[in-house]
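# Structural overview for review
For reference, the chains in residue letters:
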Protein chains: 2
Amino acid sequence: MRPRAVVLLSGGLDSATALALAKFGGCDTYAMTFRYGQRHAVEVEAARRVAAAQGVKDHVIVDIDLRTFGGSALTSDVLVPKDGASTGIPITYVPARNTIFLSFALAWAEVLEAQRIYIGVNAVDYSGYPDCRPEFVTAFETMAGLATKAGVEGNPVRIVTPLINLPKAKIIHLGAELGVDFSITSSCYDPVDGLACGQCDSCRIRQDGFKAAGTPDVTRYAA
Amino acid sequence: MRPRAVVLLSGGLDSATALALAKFGGCDTYAMTFRYGQRHAVEVEAARRVAAAQGVKDHVIVDIDLRTFGGSALTSDVLVPKDGASTGIPITYVPARNTIFLSFALAWAEVLEAQRIYIGVNAVDYSGYPDCRPEFVTAFETMAGLATKAGVEGNPVRIVTPLINLPKAKIIHLGAELGVDFSITSSCYDPVDGLACGQCDSCRIRQDGFKAAGTPDVTRYAA
(Lines give C-alpha, C1' and ligand atoms only; values in the text may rest on other atoms or scores of the structure.)
Protein backbone atom coordinates (compact mmCIF):
# COMPACT_ATOMS: atom_id res chain seq x y z
CA MET A 1 0.00 0.00 0.00
CA ARG A 2 1.24 3.50 -0.82
CA PRO A 3 1.92 5.73 2.16
CA ARG A 4 -0.79 8.25 2.91
CA ALA A 5 -0.22 11.94 3.48
CA VAL A 6 -2.59 14.55 4.86
CA VAL A 7 -1.75 17.85 3.15
CA LEU A 8 -2.83 21.22 4.56
CA LEU A 9 -4.04 23.07 1.51
CA SER A 10 -4.78 26.79 1.79
CA GLY A 11 -5.18 27.42 -1.91
CA GLY A 12 -2.00 29.48 -2.07
CA LEU A 13 1.16 28.93 -4.06
CA ASP A 14 3.12 27.30 -1.22
CA SER A 15 0.58 24.66 -0.20
CA ALA A 16 -0.09 23.79 -3.86
CA THR A 17 3.63 23.08 -4.21
CA ALA A 18 3.68 21.10 -0.94
CA LEU A 19 0.83 18.96 -2.29
CA ALA A 20 2.74 18.32 -5.53
CA LEU A 21 5.78 17.29 -3.47
CA ALA A 22 3.70 14.85 -1.41
CA LYS A 23 2.49 13.23 -4.63
CA PHE A 24 5.98 13.26 -6.11
CA GLY A 25 7.14 11.56 -2.89
CA GLY A 26 4.88 8.61 -3.72
CA CYS A 27 2.04 9.35 -1.30
CA ASP A 28 -1.70 9.04 -1.73
CA THR A 29 -2.81 12.54 -0.79
CA TYR A 30 -5.67 13.73 1.43
CA ALA A 31 -6.16 17.49 1.35
CA MET A 32 -7.54 19.50 4.26
CA THR A 33 -8.69 23.11 3.98
CA PHE A 34 -10.11 25.41 6.65
CA ARG A 35 -12.83 28.00 6.50
CA TYR A 36 -11.85 29.92 9.61
CA GLY A 37 -13.57 33.24 9.21
CA GLN A 38 -10.74 34.63 7.12
CA ARG A 39 -11.35 37.70 5.01
CA HIS A 40 -9.89 35.93 2.04
CA ALA A 41 -12.48 33.14 1.69
CA VAL A 42 -11.82 32.97 -2.06
CA GLU A 43 -8.78 30.91 -1.13
CA VAL A 44 -11.12 28.05 -0.23
CA GLU A 45 -12.32 28.01 -3.84
CA ALA A 46 -8.71 28.08 -4.96
CA ALA A 47 -8.02 25.08 -2.70
CA ARG A 48 -10.85 23.15 -4.39
CA ARG A 49 -9.36 23.87 -7.82
CA VAL A 50 -5.87 22.84 -6.74
CA ALA A 51 -7.10 19.62 -5.08
CA ALA A 52 -9.05 18.68 -8.21
CA ALA A 53 -6.17 19.55 -10.56
CA GLN A 54 -3.75 17.40 -8.58
CA GLY A 55 -6.06 14.40 -8.16
CA VAL A 56 -6.18 14.03 -4.38
CA LYS A 57 -7.90 10.94 -2.91
CA ASP A 58 -10.13 13.09 -0.73
CA HIS A 59 -10.51 16.75 0.20
CA VAL A 60 -12.25 17.97 3.36
CA ILE A 61 -13.20 21.55 4.13
CA VAL A 62 -13.28 22.04 7.89
CA ASP A 63 -15.35 24.87 9.35
CA ILE A 64 -13.91 26.49 12.44
CA ASP A 65 -14.65 29.97 13.64
CA LEU A 66 -11.50 31.68 14.83
CA ARG A 67 -13.42 34.97 14.86
CA THR A 68 -14.80 33.88 18.24
CA PHE A 69 -11.48 35.01 19.68
CA GLY A 70 -10.51 37.88 17.36
CA GLY A 71 -6.90 38.91 17.57
CA SER A 72 -5.82 39.13 13.90
CA ALA A 73 -6.24 41.37 10.90
CA LEU A 74 -7.09 38.24 8.91
CA THR A 75 -10.17 37.39 10.96
CA SER A 76 -11.31 40.63 12.59
CA ASP A 77 -12.23 44.13 11.57
CA VAL A 78 -8.66 45.39 11.81
CA LEU A 79 -7.45 46.61 8.41
CA VAL A 80 -4.96 44.50 6.49
CA PRO A 81 -1.81 46.64 6.21
CA LYS A 82 -0.83 47.61 2.67
CA ASP A 83 2.19 49.80 3.23
CA GLY A 84 4.72 46.98 3.40
CA ALA A 85 6.13 48.29 6.69
CA SER A 86 6.09 46.05 9.74
CA THR A 87 8.51 44.68 12.29
CA GLY A 88 8.10 41.94 14.90
CA ILE A 89 5.02 39.72 14.82
CA PRO A 90 2.73 40.94 12.00
CA ILE A 91 -0.86 41.99 12.67
CA THR A 92 -1.93 39.32 10.16
CA TYR A 93 -0.67 36.61 12.56
CA VAL A 94 -3.66 34.50 13.67
CA PRO A 95 -3.16 33.19 17.23
CA ALA A 96 -2.21 29.51 17.29
CA ARG A 97 -3.51 29.02 13.75
CA ASN A 98 -0.96 26.45 12.60
CA THR A 99 -1.30 24.60 15.92
CA ILE A 100 -5.05 24.29 15.34
CA PHE A 101 -4.63 23.31 11.68
CA LEU A 102 -2.02 20.67 12.49
CA SER A 103 -4.20 19.30 15.32
CA PHE A 104 -7.06 18.65 12.91
CA ALA A 105 -4.64 17.15 10.41
CA LEU A 106 -3.36 14.92 13.20
CA ALA A 107 -6.88 13.68 13.96
CA TRP A 108 -7.49 12.85 10.30
CA ALA A 109 -4.07 11.23 9.96
CA GLU A 110 -4.89 9.03 12.95
CA VAL A 111 -8.14 7.85 11.35
CA LEU A 112 -6.56 7.37 7.89
CA GLU A 113 -3.46 5.77 9.38
CA ALA A 114 -1.49 8.31 7.38
CA GLN A 115 2.24 8.40 8.02
CA ARG A 116 2.84 12.02 7.05
CA ILE A 117 1.36 15.48 7.35
CA TYR A 118 2.59 18.04 4.81
CA ILE A 119 2.42 21.73 5.63
CA GLY A 120 3.81 24.42 3.36
CA VAL A 121 5.04 26.79 6.09
CA ASN A 122 7.90 29.06 5.26
CA ALA A 123 10.30 30.58 7.76
CA VAL A 124 11.91 32.90 5.19
CA ASP A 125 8.94 35.04 4.19
CA TYR A 126 7.07 34.54 7.46
CA SER A 127 9.92 34.95 9.91
CA GLY A 128 7.67 37.00 12.21
CA TYR A 129 5.15 34.17 12.69
CA PRO A 130 6.20 32.00 15.66
CA ASP A 131 4.33 28.98 14.30
CA CYS A 132 6.20 28.94 10.98
CA ARG A 133 9.58 28.19 12.57
CA PRO A 134 11.34 24.81 12.42
CA GLU A 135 11.54 24.57 16.24
CA PHE A 136 7.76 24.87 16.46
CA VAL A 137 7.27 22.12 13.89
CA THR A 138 9.71 19.81 15.67
CA ALA A 139 7.94 20.39 19.00
CA PHE A 140 4.57 19.69 17.39
CA GLU A 141 5.88 16.42 15.95
CA THR A 142 7.15 15.33 19.37
CA MET A 143 3.81 16.18 20.97
CA ALA A 144 1.92 14.38 18.19
CA GLY A 145 3.92 11.22 18.81
CA LEU A 146 2.69 11.23 22.41
CA ALA A 147 -0.89 12.28 21.64
CA THR A 148 -1.93 9.49 19.36
CA LYS A 149 -2.58 5.79 19.12
CA ALA A 150 -0.17 5.59 16.17
CA GLY A 151 2.53 7.27 18.23
CA VAL A 152 2.00 4.99 21.23
CA GLU A 153 2.17 2.00 18.92
CA GLY A 154 5.53 3.12 17.55
CA ASN A 155 4.43 4.73 14.28
CA PRO A 156 4.41 8.45 15.04
CA VAL A 157 3.27 10.67 12.20
CA ARG A 158 5.94 12.84 10.58
CA ILE A 159 5.30 16.54 9.99
CA VAL A 160 6.88 17.31 6.62
CA THR A 161 7.78 20.93 5.82
CA PRO A 162 9.55 20.77 2.47
CA LEU A 163 9.45 24.54 1.86
CA ILE A 164 10.39 25.82 5.29
CA ASN A 165 13.81 27.18 4.34
CA LEU A 166 13.24 28.06 0.69
CA PRO A 167 12.99 31.57 -0.70
CA LYS A 168 9.82 32.20 -2.73
CA ALA A 169 11.67 32.10 -6.07
CA LYS A 170 12.91 28.57 -5.33
CA ILE A 171 9.38 27.46 -4.37
CA ILE A 172 8.10 28.82 -7.70
CA HIS A 173 10.83 26.99 -9.64
CA LEU A 174 10.09 23.79 -7.75
CA GLY A 175 6.33 24.03 -8.22
CA ALA A 176 6.71 24.80 -11.93
CA GLU A 177 9.02 21.80 -12.29
CA LEU A 178 6.32 19.58 -10.74
CA GLY A 179 3.62 20.98 -13.03
CA VAL A 180 1.75 23.14 -10.50
CA ASP A 181 -0.61 25.59 -12.19
CA PHE A 182 -0.08 28.77 -10.18
CA SER A 183 -2.81 30.61 -12.08
CA ILE A 184 -5.47 28.73 -10.10
CA THR A 185 -3.90 29.51 -6.70
CA SER A 186 -4.75 32.49 -4.51
CA SER A 187 -2.42 34.12 -2.00
CA CYS A 188 -3.98 37.54 -1.37
CA TYR A 189 -5.04 38.50 2.17
CA ASP A 190 -7.67 40.95 1.00
CA PRO A 191 -8.99 40.13 -2.48
CA VAL A 192 -11.22 42.50 -4.44
CA ASP A 193 -14.03 40.69 -6.30
CA GLY A 194 -12.02 37.49 -6.14
CA LEU A 195 -8.91 39.12 -7.62
CA ALA A 196 -5.61 39.77 -5.83
CA CYS A 197 -5.19 43.26 -4.34
CA GLY A 198 -1.50 43.43 -5.28
CA GLN A 199 -0.72 45.49 -2.17
CA CYS A 200 -0.89 43.32 0.96
CA ASP A 201 2.20 41.60 2.39
CA SER A 202 1.24 38.28 0.83
CA CYS A 203 0.76 39.79 -2.65
CA ARG A 204 4.10 41.64 -2.36
CA ILE A 205 5.97 38.50 -1.34
CA ARG A 206 4.39 36.62 -4.25
CA GLN A 207 5.13 39.36 -6.79
CA ASP A 208 8.73 39.60 -5.63
CA GLY A 209 8.97 35.81 -5.89
CA PHE A 210 7.90 35.71 -9.53
CA LYS A 211 10.28 38.56 -10.28
CA ALA A 212 13.22 36.84 -8.55
CA ALA A 213 12.34 33.55 -10.24
CA GLY A 214 12.38 35.21 -13.65
CA THR A 215 8.97 33.69 -14.31
CA PRO A 216 5.89 35.53 -15.63
CA ASP A 217 3.48 36.43 -12.81
CA VAL A 218 0.26 34.58 -13.71
CA THR A 219 -1.73 36.12 -10.85
CA ARG A 220 -4.95 37.93 -11.76
CA TYR A 221 -4.91 41.34 -10.08
CA ALA A 222 -7.76 43.73 -9.42
CA ALA A 223 -7.49 46.83 -11.61
CA MET B 1 -4.51 42.46 37.63
CA ARG B 2 -5.49 38.93 38.54
CA PRO B 3 -4.01 36.19 36.38
CA ARG B 4 -6.33 34.80 33.74
CA ALA B 5 -7.00 31.13 33.14
CA VAL B 6 -8.72 29.45 30.22
CA VAL B 7 -10.50 26.36 31.58
CA LEU B 8 -11.62 23.50 29.36
CA LEU B 9 -15.08 22.69 30.65
CA SER B 10 -16.81 19.55 29.43
CA GLY B 11 -19.67 19.66 31.91
CA GLY B 12 -18.38 16.59 33.75
CA LEU B 13 -17.30 16.18 37.32
CA ASP B 14 -13.57 16.51 36.65
CA SER B 15 -13.64 19.73 34.65
CA ALA B 16 -16.07 21.32 37.14
CA THR B 17 -13.49 20.60 39.84
CA ALA B 18 -10.64 21.91 37.66
CA LEU B 19 -12.60 25.16 37.20
CA ALA B 20 -13.10 25.47 40.96
CA LEU B 21 -9.37 24.95 41.46
CA ALA B 22 -8.53 27.69 38.92
CA LYS B 23 -10.77 30.10 40.85
CA PHE B 24 -9.35 28.95 44.17
CA GLY B 25 -5.88 29.61 42.71
CA GLY B 26 -6.83 33.28 42.32
CA CYS B 27 -7.50 33.34 38.58
CA ASP B 28 -10.18 35.09 36.60
CA THR B 29 -11.67 32.19 34.68
CA TYR B 30 -12.66 31.87 31.02
CA ALA B 31 -14.48 28.63 30.23
CA MET B 32 -14.35 26.90 26.86
CA THR B 33 -16.67 24.07 25.83
CA PHE B 34 -16.85 22.14 22.56
CA ARG B 35 -19.77 20.85 20.58
CA TYR B 36 -17.87 18.28 18.55
CA GLY B 37 -20.55 15.96 17.29
CA GLN B 38 -20.49 13.91 20.47
CA ARG B 39 -23.39 11.64 21.29
CA HIS B 40 -23.57 13.14 24.73
CA ALA B 41 -24.52 16.71 23.77
CA VAL B 42 -26.36 17.15 27.07
CA GLU B 43 -22.92 17.73 28.55
CA VAL B 44 -22.88 21.12 26.80
CA GLU B 45 -25.94 22.12 28.82
CA ALA B 46 -24.23 20.84 31.93
CA ALA B 47 -21.20 23.00 31.08
CA ARG B 48 -23.44 26.07 30.85
CA ARG B 49 -24.87 25.34 34.30
CA VAL B 50 -21.42 24.81 35.81
CA ALA B 51 -19.98 27.97 34.23
CA ALA B 52 -22.91 30.03 35.54
CA ALA B 53 -22.78 28.47 39.01
CA GLN B 54 -19.08 29.23 39.34
CA GLY B 55 -19.21 32.79 37.99
CA VAL B 56 -16.78 32.63 35.08
CA LYS B 57 -15.84 35.88 33.32
CA ASP B 58 -16.78 34.45 29.95
CA HIS B 59 -17.86 31.13 28.46
CA VAL B 60 -17.50 30.23 24.80
CA ILE B 61 -19.04 27.21 23.09
CA VAL B 62 -16.91 26.25 20.10
CA ASP B 63 -18.46 24.25 17.28
CA ILE B 64 -16.16 21.79 15.59
CA ASP B 65 -17.23 18.73 13.70
CA LEU B 66 -15.02 15.79 14.53
CA ARG B 67 -17.55 13.51 12.82
CA THR B 68 -15.93 14.54 9.55
CA PHE B 69 -13.19 12.04 10.38
CA GLY B 70 -15.07 9.37 12.36
CA GLY B 71 -12.89 7.01 14.31
CA SER B 72 -14.58 6.92 17.75
CA ALA B 73 -17.62 5.48 19.47
CA LEU B 74 -18.25 8.95 20.89
CA THR B 75 -18.71 10.61 17.52
CA SER B 76 -19.67 7.86 15.09
CA ASP B 77 -22.28 5.15 14.78
CA VAL B 78 -20.20 2.62 16.66
CA LEU B 79 -22.00 1.53 19.85
CA VAL B 80 -20.73 2.78 23.19
CA PRO B 81 -19.59 -0.34 25.09
CA LYS B 82 -21.53 -1.08 28.27
CA ASP B 83 -19.95 -4.29 29.45
CA GLY B 84 -17.05 -2.69 31.29
CA ALA B 85 -14.55 -4.93 29.54
CA SER B 86 -11.80 -3.33 27.49
CA THR B 87 -8.04 -3.35 27.27
CA GLY B 88 -5.61 -1.09 25.41
CA ILE B 89 -6.90 2.12 23.82
CA PRO B 90 -10.70 2.30 24.32
CA ILE B 91 -13.11 2.61 21.41
CA THR B 92 -14.38 5.82 23.02
CA TYR B 93 -10.99 7.48 22.38
CA VAL B 94 -11.52 10.38 19.96
CA PRO B 95 -8.44 10.86 17.74
CA ALA B 96 -6.38 13.85 18.82
CA ARG B 97 -9.29 15.31 20.78
CA ASN B 98 -7.30 16.85 23.62
CA THR B 99 -4.73 18.18 21.15
CA ILE B 100 -7.51 19.98 19.28
CA PHE B 101 -9.17 21.23 22.48
CA LEU B 102 -5.88 22.54 23.88
CA SER B 103 -5.05 24.21 20.55
CA PHE B 104 -8.25 26.25 20.67
CA ALA B 105 -7.62 27.04 24.34
CA LEU B 106 -4.14 28.19 23.32
CA ALA B 107 -5.57 30.56 20.70
CA TRP B 108 -7.97 32.07 23.22
CA ALA B 109 -5.25 32.30 25.88
CA GLU B 110 -3.08 34.19 23.38
CA VAL B 111 -5.84 36.74 22.72
CA LEU B 112 -6.76 37.08 26.43
CA GLU B 113 -3.11 37.15 27.47
CA ALA B 114 -4.02 34.36 29.88
CA GLN B 115 -1.13 32.76 31.74
CA ARG B 116 -2.70 29.38 32.33
CA ILE B 117 -4.84 26.74 30.68
CA TYR B 118 -6.59 24.31 33.03
CA ILE B 119 -7.59 20.88 31.76
CA GLY B 120 -9.11 18.20 33.99
CA VAL B 121 -7.46 15.21 32.33
CA ASN B 122 -6.90 12.15 34.45
CA ALA B 123 -4.30 9.49 33.83
CA VAL B 124 -5.71 7.13 36.47
CA ASP B 125 -9.18 6.46 35.06
CA TYR B 126 -8.19 7.13 31.46
CA SER B 127 -4.87 5.34 31.32
CA GLY B 128 -5.73 3.98 27.85
CA TYR B 129 -6.07 7.45 26.29
CA PRO B 130 -2.66 8.60 25.01
CA ASP B 131 -3.62 12.27 25.31
CA CYS B 132 -4.42 12.07 29.03
CA ARG B 133 -0.84 11.24 30.04
CA PRO B 134 1.55 13.68 31.75
CA GLU B 135 4.17 13.27 29.01
CA PHE B 136 1.65 14.41 26.41
CA VAL B 137 0.75 17.48 28.46
CA THR B 138 4.40 18.40 28.95
CA ALA B 139 5.09 18.07 25.23
CA PHE B 140 2.05 20.21 24.43
CA GLU B 141 3.27 22.91 26.81
CA THR B 142 6.71 22.93 25.17
CA MET B 143 5.12 23.20 21.72
CA ALA B 144 2.78 25.97 22.92
CA GLY B 145 5.75 28.00 24.15
CA LEU B 146 7.18 27.93 20.62
CA ALA B 147 3.86 28.45 18.81
CA THR B 148 2.78 31.73 20.29
CA LYS B 149 3.63 35.40 20.60
CA ALA B 150 3.47 35.08 24.40
CA GLY B 151 5.96 32.23 24.30
CA VAL B 152 8.34 34.08 21.98
CA GLU B 153 8.16 37.09 24.28
CA GLY B 154 9.14 34.98 27.29
CA ASN B 155 5.71 34.39 28.84
CA PRO B 156 4.75 30.89 27.72
CA VAL B 157 1.34 29.69 28.86
CA ARG B 158 1.30 26.94 31.46
CA ILE B 159 -0.90 23.87 31.00
CA VAL B 160 -2.25 23.06 34.46
CA THR B 161 -3.54 19.53 35.11
CA PRO B 162 -4.41 19.48 38.81
CA LEU B 163 -6.29 16.18 38.66
CA ILE B 164 -3.98 14.16 36.46
CA ASN B 165 -2.78 11.74 39.13
CA LEU B 166 -5.81 11.69 41.44
CA PRO B 167 -8.21 8.77 41.84
CA LYS B 168 -11.87 9.70 41.32
CA ALA B 169 -12.68 9.59 45.03
CA LYS B 170 -10.03 12.23 45.75
CA ILE B 171 -11.39 14.44 42.97
CA ILE B 172 -14.87 14.17 44.50
CA HIS B 173 -13.55 15.09 47.95
CA LEU B 174 -11.62 18.02 46.50
CA GLY B 175 -14.56 19.30 44.46
CA ALA B 176 -16.93 18.99 47.42
CA GLU B 177 -14.44 20.89 49.59
CA LEU B 178 -14.46 23.71 47.01
CA GLY B 179 -18.25 23.81 46.85
CA VAL B 180 -18.75 22.18 43.45
CA ASP B 181 -22.35 21.09 42.90
CA PHE B 182 -21.95 17.69 41.25
CA SER B 183 -25.70 17.32 40.72
CA ILE B 184 -25.52 19.76 37.79
CA THR B 185 -22.61 17.97 36.08
CA SER B 186 -22.95 15.25 33.43
CA SER B 187 -20.39 12.52 32.74
CA CYS B 188 -22.36 9.89 30.79
CA TYR B 189 -21.19 8.92 27.30
CA ASP B 190 -24.66 7.82 26.19
CA PRO B 191 -27.42 9.62 28.13
CA VAL B 192 -31.08 8.57 27.88
CA ASP B 193 -33.47 11.55 27.78
CA GLY B 194 -30.78 13.69 29.38
CA LEU B 195 -30.22 11.23 32.24
CA ALA B 196 -27.12 9.13 32.85
CA CYS B 197 -27.23 5.57 31.49
CA GLY B 198 -25.39 4.14 34.50
CA GLN B 199 -23.70 1.51 32.34
CA CYS B 200 -21.00 3.10 30.15
CA ASP B 201 -17.36 3.29 31.26
CA SER B 202 -17.72 6.92 32.30
CA CYS B 203 -20.82 6.21 34.44
CA ARG B 204 -19.10 3.22 36.07
CA ILE B 205 -16.00 5.24 36.92
CA ARG B 206 -18.18 7.97 38.41
CA GLN B 207 -20.32 5.53 40.43
CA ASP B 208 -17.24 3.79 41.78
CA GLY B 209 -15.80 7.21 42.66
CA PHE B 210 -18.78 8.23 44.77
CA LYS B 211 -18.74 4.81 46.45
CA ALA B 212 -15.00 5.01 47.23
CA ALA B 213 -15.42 8.60 48.43
CA GLY B 214 -18.16 7.56 50.81
CA THR B 215 -20.31 10.36 49.39
CA PRO B 216 -23.93 10.04 48.21
CA ASP B 217 -24.11 9.73 44.39
CA VAL B 218 -26.14 12.77 43.33
CA THR B 219 -26.28 11.71 39.66
CA ARG B 220 -29.73 11.41 38.08
CA TYR B 221 -29.94 8.05 36.33
CA ALA B 222 -32.36 6.84 33.69
CA ALA B 223 -34.73 4.22 35.08
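Placed above this text is the structure.
Everything quoted here is computed from the prediction, not taken from an experiment.

We now examine the overall build of chain A. Along chain A, the regular secondary structure elements total 7 helices and 5 strands. Out of the 223 residues in chain A, the part that is buried amounts to 52%. Contacts in chain A between residues at least 24 apart in sequence constitute 71% of all its contacts with a sequence separation of at least 6.

Next up on the list: the relation of the copies chain A and chain B. When chain A is fitted to chain B, the best match, at an RMSD of 0.0 Å, comes from turning it 180° and sliding it 0.0 Å along the axis. Such a combination of rotation and displacement between the chain copies is what one expects of a two-fold axis. A shared interface surface links the copies, since 97% of the contact residues of chain A are contact residues in chain B too.

What follows deals with the interface of chain A and chain B. Chain A puts 36 residues into the contact, and the matching count from chain B is 37 residues. Secondary structure elements with two or more residues in the side of chain A that touches chain B: β3 (58-63), α3 (97-112), α4 (134-147) and α5 (149-152) of chain A. Examining the composition of the side of chain A that touches chain B, we find that 9 residues originate from one element, α3(A), more than from any other. The class makeup of the residues in the side of chain A that touches chain B is 22 nonpolar, 8 polar and 6 charged.

Our next topic: the packing of helix α6 (residues 168-177) of chain B against helix α7 (residues 201-213) of chain B. Residues and elements named next belong to chain B. Viewed as axis vectors pointing N to C, α6 and α7 meet at an angle of 70°, and their least axial separation amounts to 8 Å. Regarding the angle of α6 to α7, the classification is roughly perpendicular. Judged by the twist between their axes, the crossing of α6 over α7 is right-handed. In contact with K168, A169, I172 and H173 of α6, α7 contributes I205, R206, D208, G209, F210, A212 and A213.

Basis of the calculations
Residues numbered from 1 in each chain as written. Chains lettered and ligands numbered in written order. Predicted model: local features only at pLDDT ≥ 70, side-chain atom pairs only at ≥ 80, totals over all residues. Helix = DSSP H or I, 4+ residues; strand = E, 2+ residues; numbered from the N terminus. Buried ≥ 20, exposed ≤ 12 C-beta atoms within 10 Å, placed from the backbone. Contact = placed C-beta atoms within 7 Å. Least-squares fit on C-alpha atoms with pLDDT ≥ 70 in both. Nonpolar A, V, L, I, M, F, W, Y, C, P; charged D, E, K, R; others polar. Axes fitted to C-alpha atoms, helices over the stretch in contact; angles between N-to-C directions. Parallel < 35°, antiparallel > 145°, perpendicular 65-115°, else oblique. Left-handed = near helix turned anticlockwise from the far one by under 90°.

Functional significance is not addressed by these values, which are geometric in nature.
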